[in-house]
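Residue-level listing of the chains:
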Amino acid sequence: MTTRTRILTGITTTGTPHLGNYAGAIRPAILASRDSNADSFYFLADYHALIKCDDPLRIQRSRLEIAATWLAGGLDVDRVTFYRQSDIPEIPELTWLLTCVAAKGLLNRAHAYKASVDKNVETGEDPDAGITMGLYSYPVLMAADILMFNAHKVPVGRDQIQHVEMARDIGQRFNHLFGQGKEFFTMPEALIEESVATLPGLDGRKMSKSYDNTIPLFSSAKEMKDAISRIVTDSRAPGEAKDPDNSHLFTLFQAFATPAQADEFRSDLLQGLGWGEAKNRLFQLLDSELGESRERYNQLIERPADLEDILQHGAKKARAVATPFLNELREAVGLRSFVAQAQVAATTKKKAAKAARFVSFREDDGSFRFRLLAADGEQLLLSRHFADGKTAGQVTKQLQSGQPLDVRSEDLGFSVWLEGQCVGDSPAFADSAARDVAIEALRIALTPVQE
Ligand code: TRP
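Conventions we followed
- Residues numbered from 1 in each chain as written.
- Predicted model: local features only at pLDDT ≥ 70, side-chain atom pairs only at ≥ 80, totals over all residues.
- Heavy atoms only, no water.
- Pairing = 2+ DSSP bridges.
- Helix = DSSP H or I, 4+ residues; strand = E, 2+ residues; numbered from the N terminus.
- Phe/Tyr/Trp six-rings, centres within 6.5 Å; stacked < 30°, edge-to-face > 60°.
- Buried < 20%, exposed > 50% of the residue type's maximum accessible area, 1.4 Å probe, protein only.
- Lys NZ or Arg CZ within 6 Å of the ring centre and 35° of its normal.
- Axes fitted to C-alpha atoms, helices over the stretch in contact; angles between N-to-C directions.
- Contact = heavy atoms within 4.5 Å.
- Near = heavy atom within 4 Å.
- Polar contact = N/O pair within 3.5 Å; in protein donor to acceptor, adjacent residues only side chain to side chain.
- Nonpolar A, V, L, I, M, F, W, Y, C, P; charged D, E, K, R; others polar.

1. Let's talk about the pairing of strand β8 (residues 379-383)
The pairing of strand β7 (residues 368-373) with β8 spans three bridges and is antiparallel. Bridge pairing links R371 to L382 in β8. Hairpin connection from β7 to β8: five residues lie between these consecutive antiparallel strands, with G377 at a positive phi of about 90 degrees. Relative to strand β11 (residues 421-425), β8 is paired through two bridges, and the arrangement is antiparallel. Bridging from a neighbouring strand, L382 pairs with D425 of β11.

Next comes the structure, spelled out in structure tokens:
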């Protein structure tokens, strides 16, 4: 069986996707998920959203909008596993297991945390002012997202590369501590799509909500038109030749055009197409590229119950992987059922009982004796002398009957008693610890096996 490449990425649900998010992350991810060799896990990182945002309405709105955006963009939920992080209780549980092996020093180096500390120091505040444990542990939660599904490739922006590296580090530590030669976690790799355009915003800087220079994605045509009208251009008048290579309006056009469309637009600009008309053409292009998806988006937003169903279905698929895997991990760290433990003890006893054996022999003086040997052949007990074989046999039977053993420790050995009579003695052991181990081995060897 060939394993398909597991691709996993999360989208923090704090905003409404804009054109830059679409071209830079959503569209390429949807295209990648159609590759028959890809097994894609895409999820709404809504636990991560809580780290950055304490406005419940905004969180809720954003989850809905982002889910609808991905589906409207053509994500096929039968092919990919599409879910909300907060619907997978195994994720916070794994986060804790990982937190317990993650080095604090590693997290001290996280860029986002360090930036907050640096800012506090600069402004003369307490270094930890306003810093939550959520922000500090952000990379551990992200490691759990990635390691839970043993992702091979993690498409992310450059700012997230460090987090993927930390996931490797933490996963490796866990493997080393608990794997006993088994690699529980696959080492993930960050995937940076060089070919994917970082779209410029209205002012030419990277399109980003924090610069307030975005073009909306699935809002009304009017809103999109209004945003486009605010794209900053140079002051060349209609008829004057424009420079496409230094125009972010052209860059935006190119990101959605076929090569032929882009060539035509370029030569028209060179020939003096006015900026007003150029903006009009950009609007026409975006509207024809995105109009159909916008329709689907609006329909989805109006049926939140259907979206809920789709995401619940995704959670089910994700948990079919996560639940058994987490059980394995719990087992590995020692969080095990006592029932299972009783079974393990029983099989150990069975083995010990099978392996331990009584060896009877006759002394020169005609008396009958026996030795009890442990699995490794070590002598645990040498019996006293019995007048006949029958008595010796009865003693071995009684010793194995399950009645409480009367074992009496002496200095470096012990003796075993039945009905007030000493029936056997141990050899002398090197120390009292060795003696106690032998007593335990004796008890196990003499415990009746329950089938
Ligand atoms: N931290 C990522 C971001 O802000 C979102 C995210 C959360 C993520 N968990 C992830 C990305 C797991 C990739 C894999 O972009």
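2. Observations regarding the packing of aromatic side chains
Considering all chains together, one arrives at 18 aromatic pairs under this definition. Ring geometry for F41 versus F149: centroids 5.0 Å apart, planes at 25 degrees, classification stacked. With F41 in strand β2 (residues 38-45) and F149 in the loop between α7 (133-148) and β4 (153-155), this pair connects stretches of sequence that are 108 residues apart. The buried category is assigned to F41, whose relative accessible area is 4%. Cluster of aromatic residues (ring-pair linked, three or more members): F174, F178, F184, F185 and F325. In this structure, K242 is placed above the aromatic ring of W275, and the distance from its NZ or CZ to the ring centre is 5.8 Å.

3. A look at the sheet that holds strand β6 (residues 357-362)
A sheet is described by the order of its strands in space; here six strands give the open sequence β6-β7-β8-β11-β10-β9, paired in antiparallel fashion. This sheet does not close on itself; its edge strands, each paired only once, are β6 and β9 (406-409). On average, each strand axis in the sheet is tilted by 30 degrees relative to the strand beside it, whichever way the strands run. Sheet strands touched by helix α15 (residues 389-399): β6, β7, β8, β10 (414-418) and β11. Its angle to β7, the strand with the most contacts, is close to 30 degrees.

4. Considerations on the site of the ligand
Close to the ligand lie 15 residues, the nearest being G10, T12, Y138, D145 and Q160. The side chain of Q160 places a nitrogen or oxygen atom 2.9 Å from a nitrogen atom of the ligand. Breaking the shell around the ligand down by element, the ones donating at least two residues are β1 (5-12), β2, α2 (46-52) and α7. Looking at the shell around the ligand residue by residue, the class counts come to eight nonpolar, five polar and two charged.

Note that all results are geometric; they support no functional claim without further evidence.
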